[in-house]
Amino acid sequence: MEPVITRFPPSPTGFLHIGGARTALFNWLFARHLGGKFILRIEDTDIERSTEASVKAILDAMEWLGLTWDEGPYYQTKRLDIYAEYAKKLTDTGHAYWCECTPEELETRRKAAMAQGRKPKYEGTCRNLGLGPGTNRVLRFRTPESGETILRDLIKGPIFFDNSELDDLVLVRSDGIPTYNFAVVIDDLTMDVTHIIRGDDHVNNTPRQMQIYLALGAKMPEFGHVPMIHGEDRSPLSKRHGATSVMEYKELGFLPEALVNYLVRLGWSHGDQEIFSRAELIEEFTLEHVGKSPSVFNMEKLLWLNAHYIKEKQPEELIAPLKPFLTARGYLEKDDSYIAGAIRTLQPRSRTLVEMADAMRFYMIDEVDYDEAAVQKFLTHEMRDVFERVLPELQNLDDFNEANLEAVFKKVTGELNMKLGKIAQPIRVALTGVTVSPGLFEIIDVLGKETVLKRMRRAMGRMG
RNA sequence: GUCCCCAUCGUCUAGUCCGGUCCAGGACACCGGCCUUUCACGCCGGCGACGCCGGUUCAAAUCCGGCUGGGGACGCCA
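Conventions adopted
Residues numbered from 1 in each chain as written. Chains lettered and ligands numbered in written order. Predicted model: local features only at pLDDT ≥ 70, side-chain atom pairs only at ≥ 80, totals over all residues. Heavy atoms only, no water. Helix = DSSP H or I, 4+ residues; strand = E, 2+ residues; numbered from the N terminus. Rg over C-alpha atoms; globule rule 2.2 N^0.38 Å. Buried < 20%, exposed > 50% of the residue type's maximum accessible area, 1.4 Å probe, protein only. Contact = heavy atoms within 4.5 Å. Lys, Arg positive; Asp, Glu negative; His and termini not counted. Charge placed at Lys NZ, Arg CZ, Asp CG, Glu CD. pLDDT = per-residue confidence, 0-100. Near = heavy atom within 4 Å. Polar contact = N/O pair within 3.5 Å; in protein donor to acceptor, adjacent residues only side chain to side chain. Nonpolar A, V, L, I, M, F, W, Y, C, P; charged D, E, K, R; others polar. Pairing = 2+ DSSP bridges. Axes fitted to C-alpha atoms, helices over the stretch in contact; angles between N-to-C directions. 1 Å grid on protein atoms, 1.4 Å probe; cavity = no way out; pocket = protein on both sides within 12 Å on 5 of 7 lines; lining within 4 Å. Points joined across faces, edges and corners; volume = space filled by probe spheres on them. Core = buried A, V, L, I, M, F, W, Y, C linked by side-chain atoms within 4.5 Å.

## What about the overall build of chain A?
Each helix and strand in chain A was counted, giving 20 helices and 12 strands. For chain A, the C-alpha radius of gyration of 31 Å lies well beyond 23 Å, the compact-globule estimate for 464 residues. Looking at the 464 residues of chain A, the share that counts as buried comes to 49%. Put simply, of all contacts in chain A between residues at least 6 apart along the chain, 76% involve residues at least 24 apart. One way to put it: in chain A the 58 positive side-chain charges average out to a point 3 Å from where the 69 negative ones average out.

## A few points about the confidence of the model for chain A
For chain A, the average pLDDT comes to 93, and 100% of its residues sit at 70 or higher. Both confidence scores are given for the complex: pTM 0.94, ipTM 0.95.

## Here we look at unusual backbone geometry
With an omega dihedral of 5°, the bond running from Gly72 to Pro73 counts as a cis peptide bond. Summarising the element assignment, Pro73 is placed in strand 3 (residues 71–75). One non-glycine residue, Arg234, lies in the positive phi region at around 70°. Looking at the element boundaries, Arg234 is found in the loop between strand 11 (229–230) and helix 7 (246–251). Judged by its relative accessible area of 57%, Arg234 is exposed. Residues other than glycine seldom take positive phi values, yet Asn417 does so here, at roughly 55°. Position of Asn417 among the secondary structure elements: in the loop between helix 17 (402–416) and helix 18 (420–432).

## So, the protein's contact with RNA strand B
Taken together, 66 residues form the shell around RNA strand B, and within it Gly117, Arg173, Pro236, Gly267 and Arg349 come nearest. Atoms of RNA strand B within 4 Å of the protein belong to the sugar or the phosphate in 70% of instances, the rest to bases. A distance of 2.6 Å separates a sugar or linking oxygen of RNA strand B from a polar side-chain atom of Lys156. Here a base oxygen of RNA strand B and a backbone polar atom of Pro438 are 3.4 Å apart. When residues of the surface near RNA strand B are traced back to their parent elements, those giving at least two are helix 4 (103–115), strand 7 (157–162), strand 12 (295–296), helix 10 (299–312), helix 18 and helix 19 (440–447). In terms of residue class, the surface near RNA strand B is built from 23 nonpolar, 22 polar and 21 charged.

## Let's talk about the sheet that holds strand 1 (residues 5–8)
Spatial strand order, 1-2-3: three strands in an open sheet with parallel pairing. One side of each edge strand has no neighbouring strand; the edge strands of this open sheet are strand 1 and strand 3. The average undirected angle you get between the axes of adjacent strands in this sheet is 25°. Here helix 2 (residues 52–65) sits on the sheet in contact with strand 1, strand 2 (37–42) and strand 3, set at roughly 160° to strand 2.

## Looking at the layout of surface pockets
Of the pockets and cavities examined, the largest pocket occupies roughly 1,000 Å³. Lining the largest pocket are 33 residues, and of these Ser11, His17, Gly19, Gly20 and Asp201 sit closest to its centre. Of all the elements in the fold, those that place two or more residues in the lining of the largest pocket are strand 1, helix 1 (18–33) and strand 9 (195–199). Considering each element in turn, the lining of the largest pocket owes the most residues, five residues, to helix 1. For the second largest pocket, the calculated volume is near 810 Å³. Around the second largest pocket, the lining is made up of 31 residues, and of these Pro103, Leu106, Arg110, Arg140 and Val170 lie nearest the centre. Elements with a contribution of two residues or more to the lining of the second largest pocket: helix 4, strand 5 (138–141) and helix 5 (180–190).

## Observations concerning the nonpolar core
Grouped together as the largest cluster of nonpolar side chains are 108 residues, with contacts concentrated most on Met360, Tyr363 and Leu394. The leading source of residues in this core is helix 1, at nine residues. With sequence-adjacent residues up to four places away left out, Met360 is seen in contact with Leu322, Leu326, Tyr331, Ala342, Ile343 and Leu346. Among the nonpolar cores identified, the runner-up in size contains 40 residues, and Leu90, Phe141, Ala215 and Phe223 belong to it.

Pasting the structure below:
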């Protein structure tokens, strides 16, 4: 059996967005599942809008998601001679012809056609003029005027197109640069791509591309068109729906495995399973279970998955991804074991690394900032006695583990005939400045004796 | 406008190919409860959908047709 080769061909005109990332992921998984190859190709034939920065941004995002490629990145602008060769082949065989219609004329005719309710397509003005190459001339494909092109889509099933609906698309621009529809075909052809998995929005391009394969006598690849991702209002996902760039999600504190897991389930399923490790995805991913209908991006579920992965990781694994967020907040330098301890207490209560970093504040600064309402409510005069009792007990405790701490508090509350609930909040406020935090004993354990005593004494200063 | 695609809970989806096991299952969100030193986590329970109309059939979420709704494409963008 021939080896499977898939590819992801972003155009470097912006960042890698969510939809593109899912397409890349599907291609990557498809290839990995079948033990094939995954190629990365930069489609930079839009000279005007392509930028180096975009290429970098896209590559960074691919790496962050762990979508490793086996070949490339190839750049179309470095393959111009190849396209020229095939363009010549098509002209020589009469499958392509030169056209001198100007963009302005075309635009006028398009508008007129729309106004009259006709499908705006190139009328073939230059089709039989026998023009040769020249300035301001484009090379067009001579599309068959009759017949039918059948796309047997791996995801959507058979789709029929009347060739009369297709028009003579431009293959080579007047500046000699090939257009997308031409370059993709030649690239996929010469790179031996066997399976083209791409967005739904390419369905209508497919019959045109198939005609080029046919004209070239080339082997036709398989096509699979994945439905689009929409926003809450069912319109295509865009900025106004929130973050659309993959790297924005990194900045929002998402873990790549959460995004990958979320994205793969947008359109694909494996029974009732929601959580997939990368190995499981590679094992289970097939196109058969990719749905046909568009899906809506739902931040809540992504958040849930992210929370899941945050909980599941070892605290140590979270240190590196969390560090940038800590630094950004100007926190003190702490060593990794301390940070890991703090992370452990926040894992069950953080949905993102941003939330975690924010909640970590009291661990990371010297003097906690008190929430005044909390101080008023809990650092009351009557707590002074309680603190006086607790302080020496803690002072004498050598091993600050949770069990010991619990014993100490049991003892004190017993002697004072108070419930733990009564004194927990005041101590929490003393240690964190706020009323919401991880468990008291966990905090004490992480903070350590010196800090705990210091903060409790300082808090006593705020008691009436 | 023309062509193409799609249609199960608010959202992601299972089930649809091979009609009965589905008075439709899971997950997120939401609501309630339990746990509890706060907040979470966790656990238990609840709410909630086959777009509409017709046909085929003993039987339709599943097959067929129409309608409606949504989306995509119509570039010397990709």
